[in-house]
Amino acid sequence: MGKILGSQAVVKSLLEEGLDTVFGYPGGAVIPLYDSLFDYINEGKIRHVLARHEQAAAHEAQAYAQITGKVGVCIVTSGPGATNAITGIANANMDSVPMVVITGQVGSTFLGTDAFQETDVFGLSMPIAKWSCQITRPGDIADSFAKAFYIAVSGRPGVVVIEITKDALTHETEFHYKKAPVLRSYAPYPEIDQENIAAAAEMINNAKRPLALIGHGVLIARAEKAVREMLEKAGIPFGMTLMGLTALPSDHPLCIGMLGMHGSYASNKLTNEADLIIAIGMRFSDRVTGRLSGYAKKAKVLHIEIDKSEIDKNVETDLAVHADLKTALSYLTPMLEKKSNKQWRAEFDKFYKMEYEQVIRHDTQPGEGIIQPGEPVDIISRKTKGEAIVVTDVGQNQMVAARYYKFKTPNTFLTSGGLGTMGFGLPAAVGAAVAQSQKPVILFTGDGGFQMNEQELGTIIQEHLPVKIVILNNSVLGMVRQWQTMFNGGRHSATNLINPDFVTLAAAYGIKARKVADRAGLDPAIDEMLDLDGPYLLDIEVDKDMKVMPFIAPGSTVDEVKLC
Amino acid sequence: MNKTIDEEPRQYTVTVFTEDKVGMLNRITIVFTRRHLNIDSLTTSESEIKGIFRYTIVTKCTHSLIKKVVDQIEKLTEVLRACYYEEDDVIAQEIALYKISTRNLTKRDKSMEDIIREYNARILDIEDGFIVIEKTGFKRETQKLFEQLKPYGILQFARSGRVAVTKPIEELTDYLEALAQAARTSNKIRNWKLTNVD
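Residues numbered from 1 in each chain as written. Chains lettered and ligands numbered in written order. Predicted model: local features only at pLDDT ≥ 70, side-chain atom pairs only at ≥ 80, totals over all residues. Heavy atoms only, no water.

**Topic: the sheet that holds strand β7 (residues 159-165) of chain A**
Residue and element names in this part refer to chain A.
- Ordered by their spatial adjacency, 6 strands build an open sheet running β3-β2-β4-β5-β7-β6, and the pairing between neighbours is parallel. Every interior strand has two partners, whereas the edge strands, β3 (47-50) and β6 (131-135), have only one. Neighbour-to-neighbour, the strand axes of this sheet turn through a mean angle of 20 degrees, independent of strand direction.
- Here strand β2 (residues 21-24) pairs with β3 via 4 bridges, running parallel. Note that in β3 the partner of Phe-23 across the bridge is Val-49. (Pairing = 2+ DSSP bridges. Helix = DSSP H or I, 4+ residues; strand = E, 2+ residues; numbered from the N terminus. Axes fitted to C-alpha atoms, helices over the stretch in contact; angles between N-to-C directions.)

Okay, here's the thing in structure tokens:
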């Protein structure tokens, strides 16, 4: 095989990995790469989604990865292109989403000289990426890409940042690609220890009040079915973390709701009554545990987790199974005794009733007064039969969507969990709509977060994406305002927003839009939005004084969760 | 059950073995920086195996923290192995160089010769105006010599990071064999996963 340009080697590497879609934004240092992409794009072999900002491109690639199960690819230029992408890199890595970010770099002879559009992306990305590398020679491209894709997607997935100097793109090289190279420093799937599994089974079999915590790892490991079989066989009530939502249906009889700060009253109240906590593919985030010294006091802790550094990091375990979830469960479930734990499961119902009476009913069906943000979520959940892909921004909109949309299918919820990135929503919805067209993509966003990346309306029209944007518009930064109301004596410092007319804004992009401020108009507007074959923006005026409840106040323990 | 014990910070020696790649030092120190942990000393050199580098890092923190730090270092791709050791588990030395002015060399009660003999130090170099003394030992020893030499006028003083070997017997070559085995097992599980999609 003859020699090819470094830039062609990059494109060939992407094709070797089976990728047909990339997100990006061109710039000086990646012009050679875009030149090599040109013919593939024109021939329809590669779809390039041109974002309007590199941060958005990264979020779009992340959402694409989560929906398709492939590695998300994002191409940005050096310097500002790369620094703009940093938030998207950190966000995807925090939420363990496989992504390869290719950034340009000045020519290798200019490295370290403060050349035009030079930033040390390699150094900058180190603390926020799973792996980073810098390519200065075209001959290193194939091996580095094969390694990058393998690292990004295997074990606990994450982001790999590849920085390529301009001269590495413009010089020629041989090209031999070998996928998934064996690396002696990297064994992402640990060996199963039978005795360890037996000990875990015994722990579960001996438990009288077991509670399972379902995390994002269940979705990542594609272990939804295996986890379901395990929980159903042993009759274990389970809660899901924000990132673990959709792993099992929200209305599963053993489901006791979302965990954590704004999770269900029942799951938080009874975490401290359980005698065994079975953490499955989750990392005991502070948003789940509340104050650690008062967490799961009466329980033994069994942690099934693929990332060894997560074991004993936040919560000390009594037994840890360091393994790929699906593999571990294939051994564990057969050893479990059949149980129903009916009485224990029933204990959660009392707390659910309290939450329903004091929070849920008012949030979703208040009947009078200004529209509550939970109402449109509830209506859309019913109208789409829980089968839409739901995307959120960050804040109150995120919590009401997570709480009131009733999910049925795995991987139909996209949100920024670990990093809590405002501005994630709109680009993530773009990525989800690029990834598939069978399910409607519905974004619940706030007026604040929407404006952090509203330029992506441009991407929506250019790519003809039928994204349904629901702005839960309260003209304030709702979650911060809620905290200010609760903890700062109502001093609403810098949380009021003077907003543009979002309907007119949408119109400027040729996107159909409607503003709703009264309850009677809500249902027909939602019908119009869902029936339209194309993008739609629904601007709903909602209650700015609404508080997301239940709530574990910072510094409180899980069982100190409050309903009002 | 939370078994968090409040512990006193202690001195730990962390050894890390890595592939020979640009940026490894940075990636390792980031783990310390993120935890607001100071590195007391750091030495790096190629290990007994070509292409594998050894980092010896001394830090002071609690036992539960050093465990987490080491786990997070070992998680880094291209890190082959990271371990921490209590003081009793390492055999460590540091080298110190003292540049002393010759101006006061003969004016003291105790002769320089006696000091050098007493501390098992040696003269590395004699130049017009200064001499350079070398001492290898524990930090407390090189520090004690520093105090002794102070009255002579120390023009420069430099102490290396810790050079350490560990007592526990698992050697790097054995560990590499275990890593190769782990990589093979990992691949088997990966293939099983690829063919067993629900």
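**Looking at the confidence of the model for chain B**
Residue and element names in this part refer to chain B.
- Looking at chain B as a whole, the pLDDT averages 91, with 96% of positions reaching at least 70.
- At the low end of the mean pLDDT range in chain B sits strand β9 (residues 163-166), at 91; at the high end sits helix α1 (residues 24-34), at 97.
- Both confidence scores are given for the complex: pTM 0.95, ipTM 0.91. (pLDDT = per-residue confidence, 0-100.)

**Side note on the interface of chain A and chain B**
- Each partner contributes to the interface: chain A provides 44 residues, whereas chain B provides 36 residues.
- For the pairing of chain A and chain B, the buried interface totals around 3,500 Å² over both sides, and the portion due to carbon and sulfur atoms is 51%.
- Of all residues in chain A, the largest losses of buried area upon contact with chain B belong to Arg184(A), Ser185(A) and Tyr189(A), amounting jointly to 21% of the total for that side.
- The interface formed by chain A and chain B contains 8 salt bridges.
- For Asp324(A), the salt bridge is made with Lys193(B), and the minimal N-O distance between the two is 2.9 Å.
- At the boundary of chain A with chain B, the tally comes to 11 residue pairs in polar contact (both at pLDDT 80 or more).
- Looking at the side of chain A that touches chain B, the elements that each hand over two or more residues are α6 (141-153), β13 (300-305) and α13 (325-332) of chain A.
- Tallied by class, the residues present in the side of chain A that touches chain B amount to 21 nonpolar, 6 polar and 17 charged. (Contact = heavy atoms within 4.5 Å. Buried area = accessible area lost by both parts, 1.4 Å probe. Salt bridge = Lys/Arg side-chain N within 4 Å of Asp/Glu carboxyl O. Polar contact = N/O pair within 3.5 Å; in protein donor to acceptor, adjacent residues only side chain to side chain. Nonpolar A, V, L, I, M, F, W, Y, C, P; charged D, E, K, R; others polar.)

**Topic: the side chain of Glu456(A)**
All names here are of chain A.
- Structurally, the position occupied by Glu-456 is in the loop between α18 (447-452) and α19 (457-462).
- One buried charged residue, Glu-456, forms no salt bridge at all, with the nearest opposite charge on Arg-52 at 6.1 Å.
- Looking at Glu-456, its side chain comes within polar contact range of the side chain of Thr-459, at 2.6 Å.
- Residues contacting Glu-456, with those up to four places away along its chain left out, are Ala-51, Arg-52, His-53, Ala-56, Glu-60, Leu-426, Pro-427 and Val-430. (Buried < 20%, exposed > 50% of the residue type's maximum accessible area, 1.4 Å probe, protein only. Lys, Arg positive; Asp, Glu negative; His and termini not counted.)

**As for a nonpolar patch on the surface**
- Side chains of Ile95(B), Leu97(B) and Leu124(B) sit close together on the surface and give an oily, nonpolar patch of about 220 Å² of accessible area.
- With respect to the element layout, Ile95(B) can be found in strand β5 (residues 90-101). (Patch = residues over 30% accessible without salt bridge, like charges linked within 9 Å, V, L, I, M, F, W, Y side chains within 5 Å. Areas by Shrake-Rupley, 256 points an atom, 1.4 Å probe, with all protein chains shown as cover.)

**Observations concerning the sheet that holds strand β2 (residues 39-46) of chain B**
Residue and element names in this part refer to chain B.
- Pairing in this open sheet of 4 strands is antiparallel, and the strands run β2-β3-β1-β4 from one edge to the other. Two strands bound the open sheet, and with one partner strand each, they are β2 and β4 (79-85). Sheet twist, expressed as the average angle between the axes of neighbouring strands with direction ignored, equals 15 degrees.
- Both strand β1 (residues 10-19) and β4 contribute to a ladder of 6 bridges, which runs antiparallel. The residue of β4 that forms the bridge with Thr-18 is Val-79.
- Where α1 meets the sheet, it contacts β1, β2, β3 (52-61) and β4, and its direction lies at approximately 20 degrees from that of β3.

**As for the environment of Ala61(A)**
Residue and element names in this part refer to chain A.
- Among the structural elements, Ala-61 can be located in helix α3 (residues 54-68).
- On the accessibility criterion, Ala-61 (0% relative accessible area) is buried.
- Between the alpha carbons of Ala-61 and Ile-75 there is a distance of 9.6 Å; along the sequence they are 14 residues apart.
- When residues no more than four places from it in sequence are discounted, the contact partners of Ala-61 are Phe-23, Gly-72, Val-73, Cys-74 and Met-99.

**Structural notes on the pairing of β3(B)**
All names here are of chain B.
- With 8 of 10 residues buried, β3 lies mostly within the body of the structure.
- Direction of pairing for β1 relative to β3: antiparallel, over a ladder of 10 bridges. Pairing of Phe-17 across the sheet is with Arg-54, part of β3.
- As paired elements, β2 and β3 share 7 bridges and run antiparallel to each other. Paired with Ser-45 across the bridge in β3 is Arg-54.
- Counting the residues between successive antiparallel strands, the hairpin from β2 to β3 contains 5 residues, one of them, Gly-51, with a positive phi of roughly 90 degrees.

**Details of the pattern of salt bridges**
Residues and elements named next belong to chain A.
- Overall, the coordinates contain 38 salt bridges over all chains when judged by the stated rule.
- With a shortest N-O distance of 2.9 Å, Arg-156 and Asp-307 are connected by a salt bridge. Of this pair, Arg-156 sits in the loop between α6 and β7 while Asp-307 sits in the loop between β13 and β14 (319-322), and the two are 151 residues apart along the sequence.
- In this structure Asp-307 comes out as buried when scored by relative accessible area, which is 5%.
- Arg-514 is the partner of Glu-528 in a salt bridge, and the nearest nitrogen-oxygen pair spans 2.9 Å. Of this pair, Glu-528 sits in helix α22 (residues 519-531) while Arg-514 is found in strand β19 (residues 512-516), placing the two residues 14 residues apart along the sequence.

**Overview of helix α4 (residues 80-94) of chain A**
Residue and element names in this part refer to chain A.
- The end-to-end C-alpha distance of α4 is 22 Å, a good match for the 21 Å that 15 residues give at a rise of 1.5 Å each.
- In the structure, α4 departs most strongly from a straight axis at Ile-86, where the bend amounts to approximately 35 degrees.
- Within α4 the residues assigned to the buried category are Gly-81, Ala-82, Ala-85, Ile-86, Gly-88, Ile-89, Ala-90, Asn-91, Ala-92 and Asn-93.
- Remark: Ser-96 follows α4 within two positions and exhibits a positive phi of approximately 55 degrees. (Expected span 1.5 Å × (residues − 1). Bend = angle between axes of the 7 residues up to and from the residue.)

**Side note on the nonpolar core**
Residue and element names in this part refer to chain A.
- Ile-204, Ile-214, Val-227, Met-230, Leu-231, Ile-278 and Leu-332 are the most contacted members of the largest nonpolar core, which has 101 residues in total.
- Beyond its immediate chain neighbours, meaning those up to four positions away, Met-230 contacts Ile-204, Ile-236, Ile-278, Ile-280, Leu-329, Leu-332, Thr-333 and Leu-336.
- Listed in part, the 51 residues of the second largest apolar core include Ala-58, Ala-92, Phe-424 and Val-467. (Core = buried A, V, L, I, M, F, W, Y, C linked by side-chain atoms within 4.5 Å.)

**Notes on the packing of aromatic side chains**
- Across all of its chains, the model carries 17 aromatic pairs over all chains by this definition.
- Geometrically, the ring pair formed by Tyr98(B) and Phe157(B) is tilted, given 5.1 Å between the ring centres and 45 degrees between the ring planes. Here Tyr98(B), found in strand β5, pairs with Phe157(B), found in strand β8 (residues 154-159); they are 59 residues apart in sequence, far enough to count as distant.
- A residue is classified by how much of its surface remains accessible, and Phe157(B), at 30% relative accessible area, is partly exposed.
- Here a set of aromatic residues connected by ring pairs shows up, and it is made of Tyr405(A), Phe407(A) and Phe413(A).
- The ring of Tyr175(B) is capped by Arg81(B), whose NZ or CZ atom sits 4.0 Å from the centre of that ring. (Phe/Tyr/Trp six-rings, centres within 6.5 Å; stacked < 30°, edge-to-face > 60°. Lys NZ or Arg CZ within 6 Å of the ring centre and 35° of its normal.)

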